[in-house]
Amino acid sequence: MKLEGKVCLITGGSSGIGAAAAREFAARGADIAVCGLAADQLLAQGVCKEIEALGRKALTITADLADATEAARCVQEAAASLGGLDVLVHCAGGPAQGGILEVDPATWYKAFDIHVHAIFHLTRAAVPHMRGRGGGVILLVSSAAGSRGCAGAIAYGVAKGAIPQFTRALARELADLNIRVNCVSPGIIRTRFQDYLTPEQVENNVRNRIPLHREGQPAEVAAALVALAENEFITGAELPVDGGMAMRMV
């Protein structure tokens, strides 16, 4: 898909990977709707100013995507304001700490609400718009934790592990509508999500866990998302963006 003149809705677009994706898609010529939480509205507005500086249209939307009504409103608002919808990029997410004996049920359910259930709500709202335009692209963000597990964060690891399967199931179902579905699985990326790590933990990650011996940058994940959007013969794929972590056994 050539992104020039397309409309892209990016959830979690106020910071980190989502903000980097918003900038990258705009640089390729897309108009962008940035969806985030009310608490991040100022950040989202800053991203939109950067997009407008590139000569593209930009829109900020505040929504709680764990709520089906809010998710549907987010999609409808993006399509109505920007003239349709061609690309949905679900970057919204967040940590969910606690092992199996420590994690409380509310944290468990919340992890699935934002990482999995939100995809269900958003996709059901987005598909009719894409079908009416002859096709589209849905891009999801999983995690290396989804395939390797995540000690001390079982809810996060299990929820992220559901996303590649969601990708494959959705890709098969929507292929006849010319709607492609892919996901990326980032490893350790330098965002505010990593702020809780101590310098010693960062050093251990770089030295022992990542074969390329550095943390990834949000722009590198964004570039992978754009590549999956533009290549029209890729669907149902999971692309690791992890500096080689998927190769390591320990």
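A.B. asks: Go over the overall build of the chain with me, naming the residues and quoting the values.
C.D. replies: Within the chain, the secondary structure is distributed over eight helices and seven strands. In terms of overall size, the chain behaves like a compact globule, its C-alpha atoms giving a radius of gyration of 17 Å where 250 residues would be expected to give roughly 18 Å. By principal-axis analysis of the C-alpha atoms, the chain measures approximately 50 × 35 × 35 Å. For the chain, with 250 residues in total, the buried portion stands at 49%. Of all intrachain contacts in the chain linking residues separated by at least 6 positions in sequence, the fraction that spans at least 24 positions is 75%. Surface accessibility of the chain: about 11700 Å² in total, with carbon and sulfur atoms responsible for 55%. The chain carries 23 positive and 25 negative side-chain charges, and their two centres are separated by 4 Å.

A.B. asks: Could you give an account of unusual backbone geometry, with specific residues and numbers?
C.D. replies: Phi is positive for N178, close to 60°, though the residue is something other than glycine. With respect to the secondary-structure elements, N178 resides in the loop between α6 (154-174) and β6 (179-186). The class for N178 is partly exposed, based on a relative accessible area of 48%. Even without being glycine, H213 reaches a positive phi, approximately 55°. By the element assignment, H213 lies in the loop between α7 (199-209) and α8 (218-230). According to the relative accessible area criterion, H213 is partly exposed, its value standing at 46%.

A.B. asks: I'd like a description of the packing of aromatic side chains, backed by residues and values.
C.D. replies: One pass over the full model with this rule turns up one aromatic pair. Ring centres of W108 and F112 lie 5.3 Å apart, and the angle between their planes is 40°; on these two criteria the pair is classed as tilted. Here W108 and its partner F112 are both found in helix α4 (residues 105-132), four residues apart, which amounts to about one turn of the helix. Here F112 falls in the buried class, since its relative accessible area comes to 16%.

A.B. asks: Which residues make up the pairing of strand β5 (residues 136-141), and what values go with them?
C.D. replies: Most of β5 sits inside the fold, with six of its six residues counted as buried. Alternating residues of β5 divide into G136, I138 and L140 and V137, L139 and V141, and every residue in both groups is buried. Of the strand pairs in this sheet, strand β4 (residues 87-90) and β5 are connected by four bridges, and their pairing is parallel. Within β5, the residue paired with L88 across the bridge is I138. Viewed along the sheet, the connection from β4 through α4 into β5 turns out right-handed.

A.B. asks: Give me the lowdown on the side chain of R56, citing residues and values where you can.
C.D. replies: Among the secondary structure elements, R56 is positioned in the loop between α2 (41-53) and β3 (58-62). Only 3.1 Å separates the side chain of R56 from the backbone oxygen of G29, close enough to count as a polar contact. Here D31 takes part through its side chain, which lies 3.2 Å from a polar atom of the side chain of R56.

A.B. asks: Explain the environment of V137 residue by residue, including any values.
C.D. replies: Residue placement: V137 occurs in strand β5. Judged by relative accessible area, V137 falls into the buried class, the value being 0%. On a C-alpha basis, the gap between V137 and N182 in space is 8.1 Å, while along the polypeptide they are 45 residues apart.

A.B. asks: Quick rundown of the packing of α4 against α6? Include the residues and the values.
C.D. replies: It is the contact of α4 with α6, at a shortest axis distance of 8 Å, that shows an interaxial angle of 20°. On the basis of the axis angle, α4 is roughly parallel to α6. Crossing angle aside, the handedness with which α4 passes α6 is right-handed. The segment α4 lies against α6, with T107, W108, A111, F112, H115, V116, I119, F120, T123 and V127 engaging I154, A155, Y156, V158, A159, K160, A162, I163, F166, L170 and L174. Its residues assigned to classes, the contact of α4 with α6 shows 17 nonpolar, three polar and one charged.

A.B. asks: For the environment of Y109, give the residues involved together with the corresponding values.
C.D. replies: By secondary structure assignment, the location of Y109 is in helix α4. Relative accessible area serves as the criterion here: at 55%, Y109 is assigned to the exposed category.

Quick notes on the rules
- Residues numbered from 1 in each chain as written.
- Predicted model: local features only at pLDDT ≥ 70, side-chain atom pairs only at ≥ 80, totals over all residues.
- Heavy atoms only, no water.
- Helix = DSSP H or I, 4+ residues; strand = E, 2+ residues; numbered from the N terminus.
- Rg over C-alpha atoms; globule rule 2.2 N^0.38 Å.
- Buried < 20%, exposed > 50% of the residue type's maximum accessible area, 1.4 Å probe, protein only.
- Contact = heavy atoms within 4.5 Å.
- Areas by Shrake-Rupley, 256 points an atom, 1.4 Å probe, with all protein chains shown as cover.
- Lys, Arg positive; Asp, Glu negative; His and termini not counted.
- Charge placed at Lys NZ, Arg CZ, Asp CG, Glu CD.
- Phe/Tyr/Trp six-rings, centres within 6.5 Å; stacked < 30°, edge-to-face > 60°.
- Pairing = 2+ DSSP bridges.
- Right-handed = clockwise from strand over helix to strand, strands pointing away.
- Polar contact = N/O pair within 3.5 Å; in protein donor to acceptor, adjacent residues only side chain to side chain.
- Axes fitted to C-alpha atoms, helices over the stretch in contact; angles between N-to-C directions.
- Parallel < 35°, antiparallel > 145°, perpendicular 65-115°, else oblique.
- Left-handed = near helix turned anticlockwise from the far one by under 90°.
- Nonpolar A, V, L, I, M, F, W, Y, C, P; charged D, E, K, R; others polar.

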